Amino acid sequence: MTAHDHDRLLIIDFGSQVTQLIARRLRELNVYCEIHPYQAVTDAFLAAFAPKAVIFSGGPASVIDETSPRPPKGVWDLGVPILGICYGQQVMMAELGGRVERGQGTAEFGRAYVEPQGAGTALLEGWFEDGREQVWMSHGDHVAAIAPGFEVLGTSPNAPFAITADVARGFFAVQFHPEVHHTPNGARLYENFVRLAGFSGDWTMGAYREEAIEKIRAQVGNAKVICALSGGVDSSVAAVLIHEAIGAQLTCVFVDHGLLRQGEAEEVVTMFRDHYNMPLIHAAEEERFLTALEGVTDPEVKRKTIGALFIDVFQHHASELGGAEFLAQGTLYPDVIESVSFSGGPSVTIKSHHNVGGLPEKMGLKLVEPLRELFKDEVRALGRELGLPPHFIARHPFPGPGLAIRCPGEITRDKLDILRRADAVYIDQIRRHGLYDEIWQAFAALLPVRTVGVMGDGRTYDYACALRAVTSVDGMTADYYPFSHAFLGETATRIINEVPGINRVTYDITSKPPGTIEWE
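The notes below deal with the structure included here. (Residues numbered from 1 in each chain as written. Predicted model: local features only at pLDDT ≥ 70, side-chain atom pairs only at ≥ 80, totals over all residues. Heavy atoms only, no water.)

Looking only at helix H12 (residues 376-386), the buried set comprises Lys376, Glu378, Val379, Arg380, Leu382, Gly383 and Leu386. In the stretch just after H12, glycine 387 is the one whose phi turns positive, near 85°. (Buried < 20%, exposed > 50% of the residue type's maximum accessible area, 1.4 Å probe, protein only. Helix = DSSP H or I, 4+ residues; strand = E, 2+ residues; numbered from the N terminus.)

Take phenylalanine 176: it is sitting in the loop between strand S11 (171-174) and helix H4 (186-196). Sequence separation between phenylalanine 176 and tyrosine 87 is 89 residues; the distance between their C-alpha atoms is 9.3 Å. Apart from the residues within four sequence positions on either side, phenylalanine 176 is in contact with Ile85, Cys86, Val114, Trp127, Val135, Trp136, Met137, Ala162, Ile163, Thr183 and Leu189. (Contact = heavy atoms within 4.5 Å.)

In this section: the sheet that holds strand S12 (residues 224-229). Read from one edge to the other, the open sheet built from five strands follows the order S14-S13-S12-S15-S16, with strand pairing classed as parallel. In the strand order of this sheet, the two ends are held by strand S14 (280-284) and strand S16 (366-368), each with one partner. Each strand of the sheet is rotated relative to its neighbour by a mean of 30°, with strand direction disregarded. Where strand S13 (residues 250-256) lies against S14, five bridges are found, and the strand directions are parallel. Residue pairing in the sheet places aspartate 256 in a bridge with alanine 284 of S14. (Pairing = 2+ DSSP bridges. Axes fitted to C-alpha atoms, helices over the stretch in contact; angles between N-to-C directions.)

Turning our attention to the state of the cysteines. Following the criterion strictly, the structure yields zero disulfides and no others. As a non-bridged cysteine, cysteine 33 has cysteine 86 as the owner of its nearest cysteine sulfur, 19 Å distant. Judged by its relative accessible area of 0%, cysteine 33 is buried. (Disulfide = S-S within 2.5 Å.)

Below, the discussion takes up the nonpolar core. Core analysis: the largest hydrophobic core is formed by 96 residues, its most contacted members being Phe272, Ile430 and Phe483. Listed in part, the 38 residues of the second largest apolar core include Trp127, Phe128, Phe176 and Leu189. (Core = buried A, V, L, I, M, F, W, Y, C linked by side-chain atoms within 4.5 Å.)

Evaluation of the coordinates by the stated rule reveals 28 salt bridges. Glutamate 520 is the partner of lysine 302 in a salt bridge, and the nearest nitrogen-oxygen pair spans 3.0 Å. Taken together, the residues span a long stretch of sequence, with lysine 302 in helix H9 (residues 299-321) and glutamate 520 in the segment after strand S20 (502-507) at a distance of 218 residues. Comparing lysine 302 with glutamate 520, the two get one shared label, buried. (Salt bridge = Lys/Arg side-chain N within 4 Å of Asp/Glu carboxyl O.)

Spanning 23 residues, H9 covers 33 Å between terminal C-alpha atoms, matching the ideal 33 Å at 1.5 Å per step. For H9, the full list of buried residues reads Lys302, Arg303, Thr305, Ile306, Gly307, Leu309, Phe310, Ile311, Val313, Phe314, His317 and Ala318. Residue aspartate 298 occupies the N-cap position of H9, its side-chain oxygen lying 2.9 Å from the main-chain nitrogen of glutamate 300. (Expected span 1.5 Å × (residues − 1). Polar contact = N/O pair within 3.5 Å; in protein donor to acceptor, adjacent residues only side chain to side chain.)

Everything listed here is a matter of geometry and, on its own, says nothing about what the molecule does.
Written as C-alpha cells, this is what we have:
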C-alpha cells in the first residue's frame, strides 16, 4: 500500500499564506492530503488523483478580476464534498451562480464572531454551543449573493454569508480561516468535514513506515545508495528508514565541516556507528571548508561556498564507493510545496537554503527522498516509530551551513570556538530550567563587533553575542520566546564568566516576519 492507495484529499492552492496549515490540520486527523497550485490542477489531474474530497484555499486575488484564478470545471462533477475557505468561498459562489462584490465597508481583518443561522449541518457539529464562535477573517471582497441551492448557516457583522452550504451536493463554504489558531474551534470543523466525506483516518506513521520501506526497496533494487547525513532530525530519520529497507546497500556520509556545535560530530558518529551499526563515512573536512571561507563576509557567498564544497565532498566519496546510483536526503513536504511558485513567476529569494538538491544532476545520481510527503512533526513521529532516541528526535533544527550563519562577518577558528562555548552554555541553561521542549529553536550568534567592558577592575575589549530563541509550529513564522529577566541575567552572567572573548550579551526579540530565525 502506498500514499496513492489511501483515501486522498486534494487542497487546491489559490495563494494563501496559510495553506500549509490546512494540510497540517488534516494530517493531525490521520487524513492523507496534498497541496497543488490551482494552475496545475487540470481535469486530467483530477481524474488521476481521484480525491475523496477537495478543499479550496484562501488567496490574495479578487474573483471580480477577469484573470483571477479558478478551479477546473471538472471539479464540480466529481461527486465529492468540497469546502471553500475565504477566497475559496468566493470563487465557489462566482463559479456556481452567486455574486461577489468589492469591500466598501464590509472588509474584515482579524478576530470576528459568527452566529448560527438556519437548520445547521453535520459540518457544524460541536459549533455554536455557546451561541457564537470566534473566527479569524481576512477578506476585502465579500459574497453579495449566494449561488442557487446554497443556504446560509452562519453570519458575522461584515459577512452575512460567513457560512454557506449546498448540503445536497456536499458543497460547503466559509468566509473565515478555520486552519489558524485564532479560530479556536476550527479543527472541529475540519474533523466534521472529513467525517462527512467518509475518510477512515488511515494515515498513520506505522502504516507510512511499512509503505515507505516497500517503496524504497522497489525504487532502489540492488543498487548502492549514499545518504547526505547532516546529523539533524530529518536526514537522521531518512537514514534509519532507508537502512531498515536496504541494509548495507546504504552508506551515510557525515561531513564534519568545522562549523558544528560543541560535541556534535562525536554524538552523531557514535549514534549511527554504534547504535544503528550502519556504514558511515566521517568526512573530516574542517580545513577545506574554513580555508575556503577565509575573508568571506557576505552571507549568500558563505552559503554558496559551503554548498559547492558539499558537492565536492559527496562527489569524492560517491566515486570512492563505486557504483552508487542514488543519493538520499531528508527533503520534507514544506520544501516540496515551496519549490512550486503559486503564480508561476519568479519569487524573491530571501536566502539560499542549504541542501543537496543540485547534487544528483552534477553527480549522475537519482534521488531517494522518503520524507517528501511529511511535515516536520510527522518526521519526528516517524523517528519515534523507528526507535530513534527521544532526546535526539526532539533536537532543535540546525542549519546545513552550521555556525557559519551564526557568525556574521568573517569566520575564523577563534570566533567559532568562542561561539561554540557560548552556545553550549546557553543550551545548558535552557535545559537546566526545563525549557528546551517549549522552544522550537535556540542558539547564540557571535556579533561582528567588539565592545568595551570592565572585568576584575581591568578594561576588556571583546565580542558581543546575541541569544535567540523562538517558538514556532513549522518554522514558517516564529515568535521570540519570553524568557524571564532572571533567566536572561543568569545566562548572561554565565556566558561572560565562562566564555573568554565575550563581554556583552543581548537577547533578540524579533519575530519572523519581519526577521528570519537565523541571523544570515
